[in-house]
Amino acid sequence: MLTFDTPLSQIASIKAQTLGKLERLGIFTVRDMLYHFPHRYEDYSAIRPIASLVPDEKYTIEGTVANINAGRTWKKKMFLTEATIEDKSGRIRLIWFNQRFVAQTLKSGMVIRASGKVTRDRAGLVMQSPAFERSERDATHTGRLVPIYPETAGLTSKFFRWQLTGIFQKLSEFPDPVPEDILERLHLPSLKHALFYIHFPKNEKPSLLARKRFAFDEMFFVQLKALQMKALFETAKAESIPTDEAALGHFIGTLPFALTAAQRKASTEILKDMGKARPMNRLLNGDVGSGKTIVAALAAFACAERGLQTALLAPTEVLARQHFENLSQVFAHTEHHVALLTGSYRILDGKTVTRPTFLKALSAGIPKIIVGTHALLQADVAFDHLALIVVDEQHRFGVAQRAKLQEASFGSLDATPASVPHFLTMTATPIPRTLTLAFFGNLDLSLLDELPKNRKPIITEIAATDPEREKIYSFVRSEVARGRQAFVIFPLVEESLALKEVKAAVAEHKHLAETVFPHLSIGLLHGRMKAKEKEEVMRDFKEKKYDILVATAVVEVGIDVPNASIILIEEAERFGLAQLHQFRGRVGRAEHQSYCFLIPGKPSGENNERLKVLAKTNSGFAIAEADLSFRGPGAFFGTRQSGMPDIAMENLTNLKLITIAHQEAELILSEDPGLKRHPLLISALQKFEEQIHLE
Ligand code: ADP
Ligand code: MG
């Protein structure tokens with residue numbers, strides 16, 4: 001008898017070798033298998049008469065095997081199986097390469113269904129490597145909407161279809177964590193039906209219904225967690241940090257610029273929150289270049305003045321390093337030490353130290369401002385008195401790291417620490433309120449809706465032809481002659497293709513250095529370089545040792561080189577608009593008139609249309625909205641969120657879903673705060689959390 005928790009090792013038809021592959025995908029139990037969703041379906045539902053087939057289309061046919069031949073091809077390289085199938089209307093050849101079992105399975109006279117793509121070769125129409133099964137069998141691989149699974153670790157869609165068919169036959173119970181009354185109210189299918197529909201939908205309608213149900217589940221769990229956090233948060237205590245106005249005023253006076261009104265307002269809001277004995281939980285949202293760092297620095301200053309520590313977390317080492325350098329300067333006029341801890345760096349008092357030395361100083365409270373990456377979240381990192389956590393670009397951290405960040409700030413859900421740090425997160429991504437709710441739970445919001453006065457709007461142009469490119473190159477030469485610098489950005493390729501990306505960047509660097517700008521000095525920055533190398537290149541660029549920096553998407557967030565006035569983005573249409581806006585924010589960070597050139601990979605196309613939005617506006621909010629409407633929320637966040645389930649991502653913009661999930665979560669918690677009457681829900685939430693933590 002199977003249950004959700006039955007390990008797959010107990011299923012006889014799964015071989016040990018296959019188990020290993022499944023484990024690599026995180027699939028251990030029947031439940032895991034059921035939750036391994038297809039990413040799309042092929043529509044093989046209509047069975048077509050053979051005479052009606054045309055090349056380059058996919059079909060399902062049904063007929064009798066007329067003859068069958070198998071053997072090596074003339075080059076002796078491949079094992080070829082060829083069969084002819086006939087129905088009332090006609091006949092067609094089916095061929096398979098290197099699939100010996102086909103020759104063993106197919107017999108003359110057998111009636112089969114086959115699904116696949118039809119092409120034409122010298123001998124006429126042929127179906128290439130079709131999926132097939134005997135007609136007397138239920139439709140699994142053919143003759144229906146056929147689920148296609150992400151084919152990883154050498155596991156085929158056929159394998160999943162086969163195993164899942166068996167599981168659905170043998171599984172008697174589908175314990176549903178979501179209470180029936182909720183499902184009824186929302187017209188959602190039971191878990192059993194939803195799971196079946198998502199794997200084996202008859203047509204599109206049930207598959208959509210299933211997706212809706214799972215989207216609801218994800219959002220419902222997220223909201224339950226957020227509300228539980230919020231409840232806990234409301235009872236939590238924090239250090240009250242009153243502001244010493246005089247000291248703060250003096251500190252602000254040492255800055256090389258006057259604060260913008262928006263910066264002053266945000267700082268006031270933050271300092272007011274920190275003055276309370278309840279933990280602050282605030283999001284500082286401001287467009288690229290709006291000056292968020294200094295706002296965080298003021299909060300850190302207030303803590304340091306009281307002898308308390310601040311941790312500032314950045315998503316990458318390059319960014320952490322840059323924050324460290326900026327803050328070291330900002331605090332140079334004070335008695336407060338700034339330290340840096342990442343995977344590659346331990347810097348204390350301007351010197352690299354050993355890990356034990358660093359940790360000892362940290363727990364003795366010597367550095368007051370500690371900048372770092374998630375390396376700061378490791379278990380052995382103990383502070384003297386951590387009063388404030390600042391997280392830059394929080395959404396760039398993985399879901400698991402975000403969960404850890406939350407824990408670092410409120411302790412785990414079941415333990416209520418005596419006093420928790422204040423929490424400030426910063427982002428340049430203009431996140432609509434609804435998404436804020438979905439991603440971060442309940443947060444207060446401060447907006448930096450104003451850029452420092454010295455900025456001129458960036459001039460953005462799209463260049464699709466070679467003469468236009470030439471014009472840009474000569475413009476770069478003239479700007480460099482005036483002392484400015486330029487970025488050349490290369491398209492981001494999926495992680496698995498990172499090597500290719502590096503090659504492309506290296507090749508571009510060579511081309512620019514040798515052919516286009518032989519008299520200029522050109523640096524190269526890419527994701528595969530070691531942190532130290534990256535930092536060296538960045539520092540050299542900042543110190544004007546390079547006129548031009550060729551970089552992959554690593555420069556996307558936060559890099560600050562005020563003297564750079566040009567950014568040229570190759571194959572721009574491959575990036576999301578919000579991401580392009582981030583790139584563009586690398587220039588225009590000082591008084592120089594700055595330029596952004598977008599060069600599409602193809603001279604025309606629908607994607608190029610999108611780019612016009614950037615040429616039209618410099619407002620991050622307007623761009624984010626346009627991006628959402630063009631490409632959906634996955635693109636909105638630039639890269640796909642690790643761990644954020646696809647289905648939930650698809651539905652993030654679905655305000656209605658978020659609102660409903662929120663209401664249902666509120667309702668159930670108001671009736672049953674500890675969820676004592678919903679044990680299935682408690683364990684589902686635990687699993688949800690574990691899943692998040694594993695990533
Ligand atoms: P972001 O909000 O994108 O993180 P930063 O904090 O990196 O922006 O600031 C961008 C640049 O603007 C930095 O060089 C910073 O020193 C400068 N800056 C910040 N505030 C002001 C201001 N009020 N006036 C002039 N320059 C400022
Ligand atoms: Mg920043």
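### Describing the packing of aromatic side chains
By convention here, two paired aromatic rings are described through the distance between centres and the angle between planes.
In step 1: For the structure on display, the rule yields 20 aromatic pairs.
In step 2: Their ring planes at 20° and their centres at 5.1 Å tell us that Phe 216 and Phe 220 sit as a pair that is stacked. Placement of both Phe 216 and Phe 220 in helix H7 (residues 204-235) is noted, with a separation of 4 residues, approximately one turn of the helix.
In step 3: On the basis of relative accessibility, which here comes to 0%, the residue Phe 220 falls in the buried class.
In step 4: For the pair Phe 220 and Phe 221, a centre-to-centre distance of 6.3 Å together with 40° between the ring planes defines the contact as tilted. As far as burial versus exposure is concerned, Phe 220 and Phe 221 are alike and both buried.
In step 5: Counting every residue linked through ring pairs, the aromatic cluster contains Phe 4, Phe 168, Phe 174, Phe 196 and Phe 200.
In step 6: Lying across the ring of Phe 79, Arg 100 places its NZ or CZ 4.2 Å from the centre.
In step 7: For the cation-ring pair, Lys 158 lies above Phe 132, with the distance from its terminal atom to the ring centre recorded as 5.6 Å.

### So, the pattern of salt bridges
When charged atoms on two side chains of opposite charge get close, those side chains can pair.
In step 1: This structure, assessed with the given rule, holds 24 salt bridges.
In step 2: Arg 113 is the partner of Glu 62 in a salt bridge, and the nearest nitrogen-oxygen pair spans 3.8 Å. Taken as a pair, Glu 62 in strand E2 (residues 57-72) and Arg 113 in strand E5 (residues 111-121) lie far apart in primary sequence, 51 residues in all.
In step 3: Its relative accessible area of 27% is what places Glu 62 among the partly exposed residues.
In step 4: When its relative accessible area of 8% is taken as the criterion, Arg 113 is described as buried.
In step 5: Linking Asp 176 and Arg 213 is a salt bridge whose minimum nitrogen-to-oxygen distance equals 2.8 Å. Here Arg 213 lies in helix H7 and Asp 176 lies in the loop between helix H4 (157-170) and helix H5 (180-186), a separation of 37 residues in the sequence. Both residues of the pair, Asp 176 and Arg 213, count as buried.
In step 6: One connected set of salt bridges, linked through shared partners, spans Lys 265, Glu 269, Asp 273, Lys 276 and Arg 282.

### Things to note about the sheet that holds strand E15 (residues 422-427)
In step 1: Taken in spatial order, the 9 strands line up as E12-E11-E10-E13-E9-E14-E15-E8-E16 in an open sheet, and their pairing is mixed. Edge positions in the open sheet fall to strand E12 (351-352) and strand E16 (444-448), since each of these has one partner strand only.
In step 2: Across 5 bridges, the pairing between strand E10 (residues 337-341) and strand E13 (residues 367-372) is parallel. Paired with Ala 339 across the strands is Ile 370, a residue of E13.
In step 3: Relative to E16, helix H9 (residues 261-274) is tilted by about 155°, and along the sheet it contacts strand E8 (281-286), strand E14 (386-392), E15 and E16.
In step 4: Helix H11 (residues 317-330) rests against strand E9 (309-313), E10, strand E11 (346-348), E13 and E14 of the sheet, and its axis sits at about 170° to E10.

### Here we look at the pairing of strand E21 (residues 564-570)
In step 1: With 7 of its 7 residues buried, E21 lies for the most part within the structure.
In step 2: Examined bridge by bridge, strand E18 (residues 485-489) and E21 share 5 bridges and lie parallel to one another. Its bridge partner being in E21, Phe 487 is matched across the sheet by Ile 567.
In step 3: Here E21 pairs with strand E22 (residues 595-599) via 5 bridges, running parallel. Within E22, the residue paired with Leu 568 across the bridge is Phe 597.
In step 4: At this point the chain moves from E21, through helix H18 (residues 577-584), to the parallel E22, and the crossover so formed is right-handed.

### Description of H9
In step 1: Helix length check: H9, at 14 residues, gives a terminal C-alpha distance of 20 Å against a target of 20 Å (1.5 Å per residue), a fit within 8%.
In step 2: Turning to H9, its buried residues number three or more, namely Ala 262, Gln 263, Ala 266, Ser 267, Ile 270, Leu 271, Asp 273 and Met 274. All buried residues of H9 project into a common sector of 155° when viewed along the axis, lining one side. Residues of H9 that are exposed and angled more than 90 degrees away from the buried face: Lys 265 and Lys 272.

### Notes on the nonpolar core
In step 1: Met 274, Leu 327, Phe 331, Ile 369, Val 371, Leu 388 and Leu 424 are the most contacted members of the largest nonpolar core, which totals 46 residues.
In step 2: The set of elements that each furnish at least two residues to this core consists of helix H8 (245-253), H9, helix H10 (292-305), H11, E10, E13, E14 and E15.
In step 3: Among the elements that line this core, the one with the most residues is H10, at 11 residues.
In step 4: Apart from the residues within four sequence positions on either side, Leu 388 is in contact with Met 274, Met 280, Ala 299, Ala 300, Cys 303, Gln 309, Thr 310, Ala 311, Pro 421, His 422, Phe 423 and Leu 424.
In step 5: Core analysis: the second largest hydrophobic core is formed by 30 residues, Leu 549, Ile 559, Ile 567 and Val 613 among them.

Each value, and the rule that gives it
- Residues numbered from 1 in each chain as written.
- Chains lettered and ligands numbered in written order.
- Predicted model: local features only at pLDDT ≥ 70, side-chain atom pairs only at ≥ 80, totals over all residues.
- Heavy atoms only, no water.
- Phe/Tyr/Trp six-rings, centres within 6.5 Å; stacked < 30°, edge-to-face > 60°.
- Helix = DSSP H or I, 4+ residues; strand = E, 2+ residues; numbered from the N terminus.
- Buried < 20%, exposed > 50% of the residue type's maximum accessible area, 1.4 Å probe, protein only.
- Lys NZ or Arg CZ within 6 Å of the ring centre and 35° of its normal.
- Salt bridge = Lys/Arg side-chain N within 4 Å of Asp/Glu carboxyl O.
- Pairing = 2+ DSSP bridges.
- Contact = heavy atoms within 4.5 Å.
- Axes fitted to C-alpha atoms, helices over the stretch in contact; angles between N-to-C directions.
- Right-handed = clockwise from strand over helix to strand, strands pointing away.
- Expected span 1.5 Å × (residues − 1).
- Arc of directions from axis to C-beta.
- Core = buried A, V, L, I, M, F, W, Y, C linked by side-chain atoms within 4.5 Å.

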